[in-house]
Amino acid sequence: MSENDSDIKKTDDRFRQVVEAAPNAMVMVGKSGLIEMVNTQAEIIFGYNRSELLGQSIDCLLPERFRHHHPQHREVFFSDLQPRAMGVGRDLYGRRKDGSEFPVEVGLNPIETADGIKVLSAITDISARKRMEERFRQVVEAAPNAMVMVDKSGLIEMVNTQAEIIFGYSRSELLGQSIDNLLPERFRHHHPQHREVFFSDLQPRAMGVGRDLYGRRKDGSEFPVEVGLNPIETEDGIKVLSAITDISARVQASLKLAEHHEELERSNKELATFAYIASHDLKSPLRGIFQISQWIEEDLNNGNSASIPDHMNLLRGRLRRMEHLLDDLLAYSRAGRMEGGMSQVNLGVLAQNVFEMQAPPDGFILTLGDGLPTFTTLVTPLEQVLRNLFTNAIKHHDRSSGVLNLDWCTQDNHYYKFTVTDDGPGIPPQYHERVFGMFQTLRPRDEVEGSGMGLALIKKIVETYGGFIRVESDGIRGTSLHFTWPIRIEGRQPIANNLQTKL
Amino acid sequence: MQTICKQNYKEVTLFVVDDDDIDAIALERALLKLRLLNTIQRARDGRQALEMLRSGAISPPYIILLDLNMPRMGGIEFLKELRMDSSLTHAVIFVLTTSKSDEDLVAAYREHVAGYIFKQHMDRDFLEVIGLIEHYWRLVELPVHKD
């Protein structure tokens, strides 16, 4: 053996030792694909003895379905000798002696030896990693909210079933697409910028704190969302895993809560007004009655019986007033509840009937606008509104004859606007707000008997059905009261009714 | 006694601002009972009261007995407008009301009323009130008027 030969032998031994000591399986093959060297790791992961492998084709370590193409791949590799990973983008599998398969990663290295070019493959069993990946996928899939993983350029790499459900896309429609498709168009412009900021400071955080976020479904509709962002390190770089929650229900609930809150505030205010009123308006007739009884006593003691009939009249007046106040207060508290059923009504006929029921004094007439609508609605409250408006117009009229007019138009497609106009003394503008308060009268009750509840009652009824009422008058002659009434009342549940059904 | 009676050269007018006829009658009866001959004049709400005062229909010296709950213009609103009117701002006013509300009480004193009298009891009230006011006008110098 020459010195040169022994040098070569020494190098060869060292090479074998390095291969043997490698932490993963190493298999060296020649150009024809026959195995020339294996290490212990290779024996372990494939389950063969070294002697069983040496001299065999490398194809015996591949599942059968891949063997067919392998010689071709090998040729390509030998034609362009460069260290590289095998089968980039494909899933590679090894095959054990017992026929079972396992996922592998293979690195290929061309090696020049004395008897030609060989390929040294480093083979890693990646079952554990695959299992981890699979587990991650399962965790994402099992998450109760939608999860979408995107890469740095915003392309979707993974979604779960929840994401499919809330956005209305199928998985295949989402993968590989830009995440921007899930945003309303008006937000897309700024999104790449936001994404860049996130990638420059990788920290789990909520998206768009303080802003309202919206998702966009496949059908173009939008819904409010909450988004949590998590950076995830993967083998091919940093990804962002977003957890997206559809908060429509929550937003709806908080809107409803705000609505109830408002309603509660309104009814509290009403209660406070009521307490105030009870202490004054309801008490004052009582005080009056007490006083008159004293006068009667005094006058009788003084032998002055001539004043008694007057006192008695006054006394009965107070009793009647008290009764009125209580009746109207009851009507007010019931407004919007005693609504009876829906029925079709010809408003012209209804108005004429209501007007005649008032037994208006001779000289008062009602004129009707053209083509007053016939529609299906809750007749009782509408009738109540008209009745009170007509009563007011007649009671407060300052002349012995007068003309009331009822006219209409549609408003916003959802409401009729009705207008009752009279030619009475009018209401000066400074009182336009006050007239809708409870127990508000513009003239002393001793002049015009009235509870001051009429307009308050009408306002409450109209607002129960989502309408509004407004007074228009120059305070010199004539008053117009405009109120809106829903064209289709079904589906609109008055709040007062809801409360009642709960009780 | 001479000095005290000096003011009676011209009896004080009681200007009642109240929408309730019975209260007005009750005040008259109380005056009668106490054998007082002061003139009573009456407005039914704040707006009318301001009109009467501004037109000079109420001859000074006068004391205003003011109700709070009235149509068109209530007592507190009346007080605010009156205090802003330089020719009326000095008026001596007693609030006479059924309102027990603290808000009303505070609001009334903020407008410098001479007293806030609560019409609580139904019986002896007006006698007491008129009695008090009689003492008040006999002892207290009311603001001097230009005329």
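Bear in mind that the values here come from a model prediction, so they are computed numbers and not experimental data. (Residues numbered from 1 in each chain as written. Chains lettered and ligands numbered in written order. Predicted model: local features only at pLDDT ≥ 70, side-chain atom pairs only at ≥ 80, totals over all residues.)

(A) Layout of the overall build of chain A. Across its full length, chain A holds 17 helices and 19 strands. Each of the 503 residues in chain A was classed as buried or not, and the buried ones make up 24%. If you take every contact in chain A between residues at least 6 apart in sequence, the share linking residues at least 24 apart comes to 55%. (Helix = DSSP H or I, 4+ residues; strand = E, 2+ residues; numbered from the N terminus. Buried ≥ 20, exposed ≤ 12 C-beta atoms within 10 Å, placed from the backbone. Contact = placed C-beta atoms within 7 Å.)

(B) The arrangement of the nonpolar core in detail. Core analysis: the biggest nonpolar cluster contains 42 residues, and B:Val17, B:Ile63, B:Ile64, B:Leu65, B:Leu66 and B:Phe94 have the highest contact counts within it. Ignoring anything within four residues of it in the chain, the contact list for B:Ile63 reads B:Val12, B:Leu14, B:Val92, B:Phe94, B:Ile133 and B:Trp137. By size, the runner-up hydrophobic cluster in this structure holds 37 residues, among which are A:Ala351, A:Val385, A:Ile427 and A:Val435. (Core = buried A, V, L, I, M, F, W, Y, C linked by C-beta atoms within 7 Å.)

(C) Here's a closer look at the sheet that holds strand E3 (residues 62-66) of chain B. Residues and elements named next belong to chain B. Sheet architecture is open: five strands sit in the order E2-E1-E3-E4-E5, paired in parallel fashion. Each of the sheet's edge strands pairs with one partner strand only, and the pair in question is strand E2 (40-43) and strand E5 (115-118). Direction aside, neighbouring strands of the sheet carry axes that sit 20 degrees apart on average. Pairing of E3 with strand E4 (residues 92-97), which is carried by four bridges, proceeds in the parallel orientation. The residue of E4 that forms the bridge with Leu65 is Phe94. Its contacts with the sheet put helix H4 (residues 75-84) on strand E1 (13-17), E3 and E4, and the angle it makes with E4 is roughly 170 degrees. (Pairing = 2+ DSSP bridges. Axes fitted to C-alpha atoms, helices over the stretch in contact; angles between N-to-C directions.)

(D) Quick peek at the packing of helix H12 (residues 283-301) of chain A against helix H2 (residues 21-33) of chain B. Two numbers describe how H12(A) lies on H2(B): the axes approach to 10 Å, and their chain directions differ by 35 degrees. Once H12(A) is placed against H2(B), the crossing between them reads as left-handed. In this structure, H12(A) contributes A:Gly288, A:Gln291, A:Ile292 and A:Trp295 to the contact, and H2(B) contributes B:Ile22, B:Ala26 and B:Arg29. For the contact of H12(A) with H2(B), a count of residues per class yields four nonpolar, two polar and one charged. (Left-handed = near helix turned anticlockwise from the far one by under 90°. Nonpolar A, V, L, I, M, F, W, Y, C, P; charged D, E, K, R; others polar.)

(E) Structural view of the sheet that holds strand E18 (residues 469-473) of chain A. All names here are of chain A. In spatial order, the strands read E14-E16-E17-E19-E18; together these five strands make up an open sheet with mixed pairing. In the strand order of this sheet, the two ends are held by strand E14 (364-368) and E18, each with one partner. Here the average twist between neighbouring strands, direction ignored, is 20 degrees. As paired strands, strand E17 (residues 415-422) and strand E19 (residues 479-486) are joined by eight bridges and run antiparallel to one another. Note that in E19 the partner of Thr419 across the bridge is His482.

(F) Representation of the interface of chain B and chain A within the structure. At the junction of the two partners, chain B supplies 18 residues and chain A supplies 20 residues. Looking at the side of chain B that touches chain A residue by residue, the class counts come to four nonpolar, four polar and 10 charged.

(G) View of the environment of A:Lys152. Examined against the element boundaries, A:Lys152 turns out to sit in the loop between strand E7 (146-150) and strand E8 (156-159). Judged by the 13 C-beta atoms lying within 10 Å of it, A:Lys152 falls in the partly exposed class.

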